[in-house]
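Now for the letters of each chain:
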Amino acid sequence: MISIPHKTKQFLVLLIKLLVVGAAFYFIYDQLAHNDQLDWDKFLVLFRKKQSVLGISFILLLSILNRFFEILKWQNLVSYFDKISVSEATKQVLGALTAGIFTPNGVGEYAGKAIFFSKKETKKIIFLNLICNGIQMILTVVFGAFGLWFLGYTFWFLVIVGMTLGFWLLAFGLKGIKIKGYSIAKLIQKINEIPKPIHQKNIFLGTCRYLVFSHQYYFLFVAFDVHLPYFILMATIATVYFLASSLPSFQFLDFAVKGSVAVYFFGILGVNQWIVVFVTTLMWFLNVVLPVIIGSYYVFNFKILTPTLAKADET
């Protein structure tokens, strides 16, 4: 095995940190500065007309709560084998978010969280992150399906229900089949090894996060003078979020994917296209860009877990 000198290793780590953070800020700037759909003059006129310290504070609070519930979810899941503080969970969640911003559907977050733990815990961390993201996806599908049903898309609602039932029946029928030592039965066994209170708390925190996120969408539309009935607006938000989350995308293009889906569905309701684009962009900025900026601090301050530290950590 080739041994890399300590100074060289430090330089390479610093270079990777600079590349990750620099690329993150470049893509953020590029998406905001060169998006032809954004009319900043219109936005500034409406913002000056509607600006309110209380309103802005409330929207920012919802962004904080959105990430805070995600942090609590992660702290709760990690408690299965280790006790970490909210501060440590914050570092891991935001640092991983920044590291995974360029990967499809944020899969880079799996590796981003794993580097905060010793190598022997890598598989466990990836599995827990799968559980963490999995419950959020399940909630998105459930709320999205009911959103489609409420809006009158009965056929697509039945398709989703049918596909979900088909998936579970297929999974049950094939649970004993092993592929490279892995099987659905083994996955179910691993899930059942986690205490029920942890699963219950994970579902509760995931539901809280979903409700906070969707209502932030709702209140931003209201702030932009979109006065549709509450349940119609919430059902449309749930539908858009479900369909957009089902499409492969990168975190830094998240607002573009959700924006294109949102423009179609809100356009049916008669909502002005540029308002939909701005609300979607603001959601992206508040819930991805700001956490990435904070996460960049944790990336810069990340220290490699050396073998000595790893041994100390294991004891």
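Residues numbered from 1 in each chain as written. Predicted model: local features only at pLDDT ≥ 70, side-chain atom pairs only at ≥ 80, totals over all residues. Heavy atoms only, no water.

**Description of the nonpolar core**
- With 28 residues, the main nonpolar core has Tyr217, Phe221, Ile237, Phe266, Val271, Ile275 and Val279 as its most contacted residues.
- Beyond its immediate chain neighbours, meaning those up to four positions away, Phe266 contacts Phe221, Leu233, Thr236, Ile237, Val240, Val271 and Val276.
- Core analysis: the next-biggest nonpolar cluster, separate from the first, contains 18 residues, Trp74, Ala114, Ile194 and Ile198 among them. (Core = buried A, V, L, I, M, F, W, Y, C linked by side-chain atoms within 4.5 Å. Buried < 20%, exposed > 50% of the residue type's maximum accessible area, 1.4 Å probe, protein only. Contact = heavy atoms within 4.5 Å.)

**So, the pattern of salt bridges**
- Considering all chains together, one arrives at four salt bridges under this definition.
- Residue Lys91 pairs with Glu88 through a salt bridge whose shortest N-O separation is 3.1 Å. Residue Lys91 and its partner Glu88 are both found in helix H4 (residues 86-99); the two are separated by three residues, about one turn of the helix.
- Assessed through its relative accessible area of 27%, Lys91 is described here as partly exposed.
- One continuous salt-bridge network, built from bridges that share partners, spans Glu70, Lys73 and Arg209. (Salt bridge = Lys/Arg side-chain N within 4 Å of Asp/Glu carboxyl O. Helix = DSSP H or I, 4+ residues; strand = E, 2+ residues; numbered from the N terminus.)

**So, the packing of H4 against helix H12 (residues 273-300)**
- Their axes nearest at 7 Å, the elements H4 and H12 cross at an angle of 110 degrees. Compared by their axis directions, H4 and H12 come out roughly perpendicular. Across the interface between the two elements, Thr90, Lys91, Leu94, Gly95, Leu97 and Thr98 from H4 touch Val288, Pro291, Val292, Ile294, Gly295, Ser296, Tyr298 and Val299 from H12.
- Looking at the contact of H4 with H12 residue by residue, the classes come out as eight nonpolar, five polar and one charged. (Axes fitted to C-alpha atoms, helices over the stretch in contact; angles between N-to-C directions. Parallel < 35°, antiparallel > 145°, perpendicular 65-115°, else oblique. Nonpolar A, V, L, I, M, F, W, Y, C, P; charged D, E, K, R; others polar.)

**Some remarks on the packing of aromatic side chains**
- Applying the stated rule across the entire model yields 19 aromatic pairs.
- Plain terms: the ring middles of Trp274 and Phe278 are 5.4 Å apart, the flat faces sit at 85 degrees to each other, and that makes the pair edge-to-face. Here Trp274 pairs with Phe278, and both are found in helix H12, just four residues apart, close to one helical turn.
- Judged by relative accessible area, Trp274 falls into the buried class, the value being 16%.
- Through a chain of ring-to-ring contacts, three or more aromatic side chains come together here, namely Phe143, Tyr210, Phe213, Tyr217, Phe221, Tyr241 and Phe266.
- Over the aromatic face of Trp74 sits the side chain of Lys113, whose NZ or CZ is 4.2 Å from the ring centroid. (Phe/Tyr/Trp six-rings, centres within 6.5 Å; stacked < 30°, edge-to-face > 60°. Lys NZ or Arg CZ within 6 Å of the ring centre and 35° of its normal.)

**Some details on the UniProt feature "transmembrane region" (unreviewed entry) in the protein chain**
- As annotated by UniProt and renumbered to match this structure, "transmembrane region" (unreviewed entry) occupies residues 12-32, 52-69, 126-149, 155-174, 217-244, 250-269 and 276-300.
- Helix makes up 94% of residues 52-69 and strand makes up 0%, while its end C-alpha atoms are separated by 26 Å.
- For residues 217-244, helix accounts for 79% and strand for 0%, while the C-alpha atoms at its two ends are 14 Å apart. (UniProt positions renumbered as here; feature names shortened; annotations may be inferred.)

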